Amino acid sequence: MKVHTPDHIVYLCLGSKCEKKGAKECYKKVKKLLKGSKTKKVEVIKTECTDRCDYAPVMSFQPENKWLITYKQDEVLEKTLHLVTKKS
Ligand code: FES
């Protein structure tokens, strides 16, 4: 059985502190963006608290290991779109 593994993963913390700062809405928008693009090379995954609550909302792009702290939703959407359109 073959399991699909995306090239990039957008990990969004949906712990309580991040959620209070708009992470859930951001997650929904990233999910919608990816669904609309029909790409399989980028996936979004929600996580529990990543223990960086002082910097909420927090997220990361893997395997790039690029973290965004106190991010703005547009910043996440822009960087996700960049991964979607980036040539492999
Ligand atoms: S709730 Fe997101 S880092 Fe703690």
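Everything below is about the structure printed above this text.
This is a predicted model, so every value here is computed, not measured.

Participant: Sorry, what's going on with the nonpolar core here?
Facilitator: Soluble globular proteins tend to bury their nonpolar side chains together. Membership of the largest hydrophobic core comes to 16 residues, with the highest contact counts inside it found for Leu12, Val30 and Met59. For this core, the element with the most residues is helix α2 (residues 23-37), which contributes five residues. Discounting chain neighbours no more than four positions away, the residues touching leucine 12 are Ala23, Cys26, Tyr27, Val30, Val44, Lys46, Thr47 and Met59.

Participant: Teacher, can you tell me more about the sheet that holds strand β1 (residues 8-13) here?
Facilitator: Strand pairing in a sheet takes place through backbone hydrogen bonds and is either antiparallel or parallel in direction. In spatial order, the strands read β2-β1-β3-β4; together these four strands make up an open sheet with mixed pairing. At either end of the open sheet lies a strand with only one pairing partner, and these are β2 (42-47) and β4 (66-69). Neighbour-to-neighbour, the strand axes of the sheet open up by a mean angle of 15°, direction not taken into account. Across four bridges, the pairing between β1 and strand β3 (residues 58-62) is antiparallel. Bridging across to β3, tyrosine 11 finds its partner in serine 60. Against the sheet, helix α3 (residues 73-85) engages β1, β2, β3 and β4, with an angle of about 145° to β2.

Participant: What is the right way to read unusual backbone geometry from this model?
Facilitator: Following alanine 56, the chain continues into proline 57 via a peptide bond in cis, with omega recorded as -5°. Mapped onto the fold, proline 57 is located in the loop between β2 and β3. Across the junction of glutamine 62 and proline 63, the peptide omega takes the value 10°, indicating a cis bond. With respect to the helices and strands, the residue proline 63 is situated in the loop between β3 and β4. Not every positive phi belongs to a glycine, and lysine 38 is a case in point at roughly 60°. When you line up the elements, lysine 38 lands in the loop between α2 and β2. For lysine 38, a count of 7 C-beta atoms within 10 Å puts it in the exposed group. In the Ramachandran plot, threonine 70 falls in the positive-phi region, its phi being about 40° despite a non-glycine side chain. Of note, threonine 70 is situated in the loop between β4 and α3. By C-beta crowding, threonine 70 is classed as exposed, having 11 other C-beta atoms within 10 Å.

What counts and what doesn't
Residues numbered from 1 in each chain as written. Predicted model: local features only at pLDDT ≥ 70, side-chain atom pairs only at ≥ 80, totals over all residues. Core = buried A, V, L, I, M, F, W, Y, C linked by C-beta atoms within 7 Å. Buried ≥ 20, exposed ≤ 12 C-beta atoms within 10 Å, placed from the backbone. Helix = DSSP H or I, 4+ residues; strand = E, 2+ residues; numbered from the N terminus. Contact = placed C-beta atoms within 7 Å. Pairing = 2+ DSSP bridges. Axes fitted to C-alpha atoms, helices over the stretch in contact; angles between N-to-C directions.

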